[in-house]
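As a plain string of letters, each chain reads:
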Amino acid sequence: MLDATESGATAVGTAVIPVVVAVLTVVGAAVSTRFGHGGDDLRRAEQLTAVLAGMSPSAERDLVERVRDRHAAAYALSASAPALGALRVAAVAAEASGIAVILVGALYVLLAPGFQPWFWATYLVGAVLLAFGAGAGHLRRMRRREWMAAERDRLGLRPAEGS
């Protein structure tokens, strides 16, 4: 009887690690796609426009206008950059497939206790899909940034801050 309890506890222990790894990977993949987006340039430009409404003509007002104009230009360039839909679809599909594969592997570990060696194989496949999706998304962002830099040069605008 003591052996049955130990073997049951071992089965639960061997299932916990893969499930925790899967959950952390899925959460990390979902959260990481949301970082690094500069979508608030329009909001910043609007806030600076509101600040400008209450300022009298001065050197400080000219400075705030220049900063506002840079944010507006960054938003306009981002909005007009090519969408590169094929890369976006590839990135989203690969990331979604990777998450699904990892979750299915974790589900099998919970439902079939002897499935743990196969979990790591499915985890590897899911991780490769996630990496491919992240790479495709990065390539898309880099191509859009290159286009925006070329357009900024063509229009004679100052380079974006931080680049």
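Residues numbered from 1 in each chain as written. Predicted model: local features only at pLDDT ≥ 70, side-chain atom pairs only at ≥ 80, totals over all residues. Heavy atoms only, no water.

*Asks:* I tried to follow the nonpolar core on my own but got confused; where do I start?
*Replies:* Soluble globular proteins: nonpolar side chains tend toward being buried together. Grouped together as the largest cluster of nonpolar side chains are 11 residues: Ala15, Ala22, Val26, Ala29, Ile102, Ala106, Val109, Phe115, Phe119, Tyr123 and Leu130. Residue assignment for this core shows that the elements contributing at least two residues are helix H1 (2-32), helix H4 (85-111) and helix H5 (116-155). Of the residues forming this core, the biggest block, 4 residues, is contributed by H1. Sequence-distant contacts of Val109, defined by excluding residues within four places in its chain, comprise Ala15, Pro18, Phe115, Gln116 and Phe119. (Core = buried A, V, L, I, M, F, W, Y, C linked by side-chain atoms within 4.5 Å. Buried < 20%, exposed > 50% of the residue type's maximum accessible area, 1.4 Å probe, protein only. Helix = DSSP H or I, 4+ residues; strand = E, 2+ residues; numbered from the N terminus. Contact = heavy atoms within 4.5 Å.)

*Asks:* Is there a simple way to think about the packing of H4 against H5 in this case?
*Replies:* When two helices pack together, you describe them by how their axes are tilted relative to each other and by the distance separating the axes. Put simply, H4 and H5 touch, their axes get as near as 7 Å, and they point 160° apart. Comparing their axes, H5 and H4 come out roughly antiparallel. As H4 packs across H5, the resulting crossing turns out to be left-handed. Looking at the contact of H4 with H5 residue by residue, the classes come out as 19 nonpolar, 8 polar and 4 charged. (Axes fitted to C-alpha atoms, helices over the stretch in contact; angles between N-to-C directions. Parallel < 35°, antiparallel > 145°, perpendicular 65-115°, else oblique. Left-handed = near helix turned anticlockwise from the far one by under 90°. Nonpolar A, V, L, I, M, F, W, Y, C, P; charged D, E, K, R; others polar.)

*Asks:* Looking at this model, I keep getting lost on the packing of aromatic side chains. Mind explaining?
*Replies:* Note on aromatic pairs: each is described by the distance of the centres and the angle between the planes. On inspection of all chains with the given rule, the structure shows 3 aromatic pairs. A ring pair is formed by Phe119 and Tyr123, whose centres lie 5.8 Å apart and whose planes are at 35°; its orientation type is tilted. Here the residue Phe119 and the residue Tyr123 both occupy positions in helix H5, the gap between them amounting to 4 residues, near one helical turn. No difference in accessibility class separates Phe119 from Tyr123, as the two residues are buried. The interplanar angle of 75° and the centroid separation of 5.9 Å between the aromatic rings of Trp120 and Tyr123 together place this pair among those described as edge-to-face. A residue pair is termed a helical-turn pair when its members lie 3 or 4 positions apart in one helix, as Trp120 and Tyr123 do in helix H5 at 3 residues. Under the relative-accessibility criterion, Tyr123 is labelled buried at 19%. Three or more aromatic residues link up through ring pairs in this structure, and these residues are Phe119, Trp120 and Tyr123. (Phe/Tyr/Trp six-rings, centres within 6.5 Å; stacked < 30°, edge-to-face > 60°.)

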